[in-house]
Amino acid sequence: MKRRLRILGLGLVFGLVCLQVAPGAGAFHGENVLEGAYQFVRLDSPQGSSTTQEGMLVVKGDYLCHLRVSKEREKMVQDEPAEERSRKAAAAFQGSNATCGKIEVHEGRVIAHWGVTLDPNDEGNTSEFVFTQDGETLTIAPAGAPEFKFVYRKVD
């Protein structure tokens, strides 16, 4: 499930990129109409909506970066035992998703080429997403699992 959520997160990022270029326009070059910052709102899935994470998505030209983290992360305290700090760090890592890379838009879909990711198993991978935009709301879904929708709101 965590892997699927990670893939869905990537989909949201790609969706934002797709919105910047008309379907079929090819790869982004120069200024992108979707350039800006987006705040993560929720994940919609067949099980309902989830608001347990917070995050941001930033699009600049044909690049995007996103980060989502659990809202319930425990803060680490320097004077607590190393084992406790390690446990909290591992939990924070497991509840996080972050990717950055270059994007392309082809016929209404976004293809993302991940250059840097929190999960080293995802680096160098390519993902495909579908998207919809309604005003300041951007919804991105993995092409292979469109029932999982990442919803963002433009903030800049």
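Preceding this section is the structure that the text describes.
Residues numbered from 1 in each chain as written. Predicted model: local features only at pLDDT ≥ 70, side-chain atom pairs only at ≥ 80, totals over all residues. Heavy atoms only, no water.

K.L.:
What is the right way to read the pairing of strand E8 (residues 126-134) from this model?
P.N.:
Sheet topology note: the strand E7 (residues 109-117)/E8 ladder contains five bridges and is antiparallel. By the bridge assignment, Ile111 is partnered in E8 with Glu128. Relative to strand E9 (residues 137-142), E8 runs antiparallel, the two being bridged by six bridges. For Asp134, the partnering residue across the bridge sits in E9 and is Thr137. Between the end of E8 and the start of E9, which pair antiparallel, lie two residues, with Gly135 showing a positive phi angle near 65 degrees. (Pairing = 2+ DSSP bridges. Helix = DSSP H or I, 4+ residues; strand = E, 2+ residues; numbered from the N terminus.)

K.L.:
Which parts of the structure should I look at to understand the side chain of Thr99?
P.N.:
Mapping Thr99 onto the fold places it in strand E6 (residues 97-106). Here the side chain of Thr99 touches His66 through a polar contact of 2.8 Å, side chain to side chain. (Polar contact = N/O pair within 3.5 Å; in protein donor to acceptor, adjacent residues only side chain to side chain.)

K.L.:
Explain the state of the cysteines here, please?
P.N.:
In protein chemistry, a disulfide is the covalent bond that joins the sulfur atoms of two cysteines. Per the counting criterion, the structure on display carries one disulfide. What pairs with Cys65 in a disulfide is Cys100, and their sulfur atoms sit 2.2 Å apart. Every disulfide takes its handedness from the sign of the S-S torsion; for Cys65 and Cys100 that torsion is 130 degrees, giving right-handed. Of this pair, Cys65 sits in strand E5 (residues 63-70) while Cys100 is found in strand E6, placing the two residues 35 residues apart along the sequence. Residue class for Cys100 comes out partly exposed when judged on its relative accessible area of 25%. (Disulfide = S-S within 2.5 Å. Buried < 20%, exposed > 50% of the residue type's maximum accessible area, 1.4 Å probe, protein only.)

K.L.:
So what exactly am I meant to see when it comes to the packing of aromatic side chains here?
P.N.:
Pairs of aromatic rings are described using the distance from one ring centre to the other and the angle between the two planes. In the structure shown here, the tally under the stated rule is two aromatic pairs. Seen from their ring centres, Phe40 and Phe150 are 6.3 Å apart, and the 50 degrees between their planes marks the pair as tilted. You can see Phe40 sitting in strand E2 (residues 36-45) and its partner Phe150 sitting in strand E10 (residues 149-154), a full 110 residues away along the chain. Relative accessible area serves as the criterion here: at 1%, Phe150 is assigned to the buried category. We classify Phe40 as buried; its relative accessible area is 5%. A cation over a ring is seen here: Arg68 above Phe40, with NZ or CZ 5.5 Å from the ring centre. (Phe/Tyr/Trp six-rings, centres within 6.5 Å; stacked < 30°, edge-to-face > 60°. Lys NZ or Arg CZ within 6 Å of the ring centre and 35° of its normal.)

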